[in-house]
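# Per-entry structural report
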Amino acid sequence: MSVAESWSRVMTLLRQHAPVDHADLPGPATEQMLVAAEERMGISLHGDLRTWLLQNNLDLPEEDVDDEVACCGFDGFPDEGSFYLGIRAMERLYANRSRPGGFDPPDQPDNPFWRNEWIPFLSDQDGWMGKFIDVRDGRVGRWFVGDITVTGEYESLAQYFDSVAEKLTSIADGSYPVCRVAGGRLVWS
């Protein structure tokens, strides 16, 4: 399944089971927005990430951005405590993480906490944990400050979105213990 198909499945499930949350999500990024972001970051986005952002750019409206937190996004999706990043939020977090030598720490090129080839697409508000896509091969990994970074947690963004669709299916059928749907929204306990 392609990333467009996987994300479409996630959006269909969200629209069916949490329509209020679905209605809150903004529309797509434009190609011009992506090109400008790539120029500012100095790196090309992976094709899957580009495809996803052209379907939904999940940046909050400017008036809802909280400058006191590292990252902003739509609460409660895909889970409690983290959210998908839109292109502005990706740029901001990428700028915080990238290093002049290409990886951090500089003396561990084979096992870094961060590489400049990783573009974050999901984070908590502090930017301490989240998921990234490796622009070299499209694999999805995760980081957590103070812990080992995991590369290749998912083979692709499509595979990751398939796991989100499975989670939404479990929530909808009542078999996901920490989340339910109430009033058209995902409610985490």
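Let me begin by describing the structure that accompanies this report. In this text the structure is predicted, and so the values were computed from the model without any measurement.

About the criteria used
Sequence positions are assigned chain by chain, starting from 1 and proceeding in written order. Per-residue local features of the predicted model are confined to residues with pLDDT of at least 70, and side-chain atom pairs are confined, for both listing and counting, to 80 or more; whole-chain, interface and lining totals are unaffected and use all residues. To get the side-chain values, take all heavy atoms of the structure and skip hydrogens and water. Side-chain atoms within 4.5 Å are what join buried Ala, Val, Leu, Ile, Met, Phe, Trp, Tyr and Cys residues into a set we call a nonpolar core. Only protein chains enter the accessibility calculation, which uses a 1.4 Å probe; a residue whose area is less than 20% of its type maximum is buried, one above 50% is exposed, and one in between is partly exposed. In this description a helix means any DSSP run of H or I spanning at least four residues, a strand means any run of E spanning at least two, and both kinds are numbered starting from the N terminus. The contact criterion used throughout is that any non-hydrogen atoms of two residues lie within 4.5 Å. Polar contact criterion, stated in full: a pair of N or O atoms within 3.5 Å, where within protein one must be able to donate a hydrogen and the other to accept it, and residues adjacent in sequence count only if both atoms are side-chain atoms. Here, strands pair whenever DSSP counts at least two bridges between them.

If you look at the biggest cluster of nonpolar residues, it comprises 50 residues, and the most contacted ones within it are W52, Y84 and F121. Ranked by residues supplied to this core, first place goes to helix α6 (residues 157–172) with 8 residues. With sequence-adjacent residues up to four places away left out, W52 is seen in contact with W7, L58, Y84, L85, M90, F121, L157 and F161.

Let us look at the side chain of R50. Position of R50 among the secondary structure elements: in helix α4 (residues 47–53). When its relative accessible area of 16% is taken as the criterion, R50 is described as buried. A polar side-chain atom of R50 sits 2.4 Å from a polar atom in the side chain of E38. Each residue touching R50, except ones within four places of it in the same chain, is listed here: E31, L34 and E38.

To continue, consider the sheet that holds strand β6 (residues 129–134). With respect to topology, 6 strands assemble into an open sheet ordered β1-β2-β5-β6-β7-β8, the strand pairing being antiparallel. Across the chains shown, the open sheet's two edge strands, defined by having one partner strand only, are β1 (78–79) and β8 (150–154). Across 2 bridges, the pairing between strand β2 (residues 82–84) and strand β5 (residues 118–123) is antiparallel. Its bridge partner being in β5, F83 is matched across the sheet by S123.

Just distances and angles here, no functional claims.
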